[in-house]
Amino acid sequence: MVEALEATLSPRRRRALDDHLVRCASCRAELAATERLFGALDALPMEAPVPVRLEQATLRSVRLLAAEEEERRVARAQRFPWFRLAVPALAAAATVAVALVATLTSGPEPQRTGSGPAATAAKPGPARVAKAAPRSTLEPSARVIAAAKPSPHEARPEVASAAPSGLPVELTQAPDLLFALPMLHNLDKLEHFEKIQTTVLDDDIGQPPGDADSNG
Amino acid sequence: MARVGAGEVPEMPVEPVDPVPVADPAAVARAAADPDVALMLRVQAGDQVAFQELFRKFSPRILKFARRLVGNEARAEEVTQDVFVQVFRFRDRYRPESRLSTWLFTITTNFCLNELRRPERRLRVDLWDTRGDEERPEGPSLPDPYAVTPEDGASSRELAQQIDTAIAALPPKQRAAILLSRFDGLNYQDVAAALGCTEGAVKALVFRATQSLKQTLKDYL
């Protein structure tokens, strides 16, 4: 019946309802009561006077919200230029890093038949450094020293030309410095050892001369 | 028939959603000619003067609707303020394909139903509800000081008061369904979207609300 009054009933069901209402007085009364109820509901006031303080409070809240949004927008706009500047810088750094890694990690090429100056120049730097200081025969620290101080017979200009430009001279001449991780561990040991030595020296220095004499 | 009570559904989302998305460009064009939609588009552009116009145009209806739904003047004012702040906060989510009033009443309904589920209200309901009626989890409405007997005559104002009292005694979802469908003229599909239930459930809610109101107001109709 509600659907019939709201005109949402399908035509077939509406006809069936009408046929039933002709025969049923109870349903006719029910439909009439529902219709009166809906009429009364529709006659109810739909609006209420809004207090001024409610309007003021709402508009104040919205103004604060708009101000917060504006602050966030400005903050984003201020951060964004930094990001825009950082992207090319990071891209350039990444390019240099990739070129550096590619240069340093490329292994020795297959043995070429030619042994002239051109073949020597084509070999990458690390292979040449490894040749100067074989890893299997030297301690890591010694290998670092050997890498940092290659033999005077090395062809320095050729190595430098194979590495990317802009690198520190030490890295250009001894790329193994970047990958000698055992060296780092040994550095820890060396520092520890130096601390022990320093402690001993400090104790000796801090001890009054007289005590040392009396002990002796 | 399965009952659809207020306590059977989770917390209503108060972040507005587009109730009935329509992809038809002609519908979009028709909606653009709607002055309410045009007003809301200005609000979306950040025009606070337009927002003030929007508030003045819709707040009387929203306040009346909220007052009937939550049954309390102070809470209805809080809900009205929250609704309009939420409208501004999520103004970008409004889609011109749907009626602005439908969008507003959907947000209002969700706020009101959440308000009715607040623990402090439940506590008060427990204190007031002496009948243990599960159908009325929000409890009976407060005594109406303006209540009149049938013998006093049924003027239109008295009838309105009696109807308001009878509506306040309905369970929240029945109340919301009958108010949305009768006062704002929402179709069942929109009411279902607002209440987060099926269209069939809305029909059942409206039917039960209608039966209850007829029974309560039989001496006045």
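Residues numbered from 1 in each chain as written. Chains lettered and ligands numbered in written order. Predicted model: local features only at pLDDT ≥ 70, side-chain atom pairs only at ≥ 80, totals over all residues. Heavy atoms only, no water.

## Side note on the overall build of chain B
Across its full length, chain B carries ten helices and zero strands. Reading chain B from its N end, one meets helices and strands in the order α-α-α-α-α-α-α-α-α-α. Per-residue burial over chain B gives 52% buried out of 221 residues. Counted over contacts in chain B with a minimum sequence separation of 6, partners at least 24 positions apart contribute 70%. Split by element, the accessible area of chain B, about 10,000 Å² in all, is 53% carbon and sulfur. (Helix = DSSP H or I, 4+ residues; strand = E, 2+ residues; numbered from the N terminus. Buried < 20%, exposed > 50% of the residue type's maximum accessible area, 1.4 Å probe, protein only. Contact = heavy atoms within 4.5 Å. Areas by Shrake-Rupley, 256 points an atom, 1.4 Å probe, with all protein chains shown as cover.)

## Let's talk about the state of the cysteines
Using the criterion set out here, one finds zero disulfides over all chains in the structure. In this structure Cys27(A) is not part of a disulfide, and its nearest cysteine sulfur, from Cys24(A), lies 3.6 Å away. (Disulfide = S-S within 2.5 Å.)

## Some remarks on helix 5 (residues 100-116) of chain B
The terminal C-alpha atoms of helix 5 of chain B, which comprises 17 residues, lie 24 Å apart, in line with the 24 Å expected from a rise of 1.5 Å per residue. The element helix 5 of chain B is largely enclosed, with a buried count of 17 among its 17 residues. (Expected span 1.5 Å × (residues − 1).)

## Side note on the packing of helix 2 (residues 11-23) of chain A against helix 3 (residues 25-43) of chain A
Residues and elements named next belong to chain A. Two elements in contact, helix 2 and helix 3, have axes whose closest approach is 6 Å; the angle formed by their N-to-C orientations is 115 degrees. Contacts from His 20, Leu 21, Val 22 and Arg 23 of helix 2 reach helix 3 at Ala 25, Cys 27, Arg 28 and Leu 31. The residue makeup of the contact of helix 2 with helix 3, split by class, is five nonpolar, one polar and two charged. (Axes fitted to C-alpha atoms, helices over the stretch in contact; angles between N-to-C directions. Nonpolar A, V, L, I, M, F, W, Y, C, P; charged D, E, K, R; others polar.)

## Remarks on the nonpolar core
Ranked by size, the top nonpolar core spans 71 residues in total, and within it Leu41(A), Leu54(B), Ile178(B), Leu195(B) and Leu213(B) carry the most contacts. If you tally residues by element for this core, the top one is helix 3 (residues 48-70) of chain B, at eleven residues. Leu54(B) has contacts with Leu39(B), Met40(B), Val43(B), Ser59(B), Phe84(B), Val87(B) and Leu100(B), leaving out every residue within four places of it along the chain. Ranked by size, the runner-up nonpolar core spans seven residues in total, among them Ala4(A), Leu21(A), Cys24(A) and Leu31(A). (Core = buried A, V, L, I, M, F, W, Y, C linked by side-chain atoms within 4.5 Å.)

## Examining the side chain of Thr210(B)
Along the chain, Thr210(B) falls in helix 10 (residues 199-216). Given the relative accessible area of 0%, Thr210(B) is considered buried. Of the polar contacts made by the side chain of Thr210(B), one reaches the backbone oxygen of Val206(B); its length is 2.6 Å. Other than its neighbours up to four places away in sequence, Thr210(B) contacts Val2(A), Thr34(A), Leu37(A), Phe38(A) and Ile178(B). (Polar contact = N/O pair within 3.5 Å; in protein donor to acceptor, adjacent residues only side chain to side chain.)

## A look at helix 3 of chain B
All names here are of chain B. Taking 1.5 Å of rise per residue, 23 residues should cover 33 Å, yet helix 3 covers just 29 Å from first to last C-alpha, more than 12% shy of that figure. A bend of about 45 degrees at Phe 58 is the largest found in helix 3, and the proline Pro 60 appears one to four places after it. Of the residues that open helix 3, the one with a side-chain oxygen 2.9 Å from the backbone nitrogen of Val 49 is Asp 47. A positive backbone phi angle near 70 degrees is found at Gly 71, which sits one or two residues after helix 3. (Bend = angle between axes of the 7 residues up to and from the residue.)

## Focus: the confidence of the model for chain B
All names here are of chain B. Within chain B, residue pLDDT values average 78, and 69% of them lie at 70 or more. Per-residue pLDDT stays below 50 along residues 18-22; that stretch engages in twelve contacts with residues further than four places along the chain or on separate chains. A low-confidence stretch, residues 122-141 (pLDDT under 50), is modelled with 29 contacts involving residues beyond four sequence positions or located in other chains. For this predicted complex, the interface score ipTM comes out at 0.72, alongside a pTM of 0.57. (pLDDT = per-residue confidence, 0-100.)

## Here's the deal with the interface of chain A and chain B
Taken together, the contact pairs 32 residues of chain A with 38 residues of chain B. Carbon and sulfur atoms make up 66% of the surface buried where chain A meets chain B, a total of about 3,300 Å² over both sides. Remark: the boundary between chain A and chain B carries five salt bridges. Between Glu69(A) and Arg91(B) there is a salt bridge whose closest N-O contact spans 2.8 Å. At the boundary of chain A with chain B, the tally comes to ten residue pairs in polar contact (both at pLDDT 80 or more). Going through the elements one at a time, helix 1 (2-5), helix 3 and helix 4 (52-105) of chain A are the ones with two or more residues in the side of chain A that touches chain B. It is helix 4 of chain A that contributes the most residues to the side of chain A that touches chain B, twelve residues altogether. (Buried area = accessible area lost by both parts, 1.4 Å probe. Salt bridge = Lys/Arg side-chain N within 4 Å of Asp/Glu carboxyl O.)

## Some details on the side chain of Glu77(B)
The residue Glu77(B) is located in helix 4 (residues 73-89) in this model. With residues up to four places along the chain from it excluded, the contact list for Glu77(B) reads Pro51(A), Arg53(A), Leu54(A) and Leu63(B).

## Quick notes on the packing of aromatic side chains
Residue and element names in this part refer to chain B. Counted by the stated rule, this structure contains five aromatic pairs over all chains. Summarising the aromatic geometry, the rings of Phe 51 and Phe 88 are spaced 5.5 Å apart at their centres and angled 80 degrees between planes, so their arrangement reads as edge-to-face. Here Phe 88 lies in helix 4 and Phe 51 lies in helix 3, a separation of 37 residues in the sequence. Phe 88 carries the same exposure label as Phe 51, and that label is buried. Note on Phe 55 and Phe 84: the rings are 4.8 Å apart at their centroids and 65 degrees apart in plane angle, and the pair reads as edge-to-face. Separated by 29 residues along the polypeptide, Phe 55 in helix 3 and Phe 84 in helix 4 bring together distant segments of the chain. Note on accessibility: Phe 55 and Phe 84 belong to one class, buried. Taken together, the ring pairs connect Phe 51, Phe 55, Phe 84 and Phe 88 into an aromatic cluster. (Phe/Tyr/Trp six-rings, centres within 6.5 Å; stacked < 30°, edge-to-face > 60°.)

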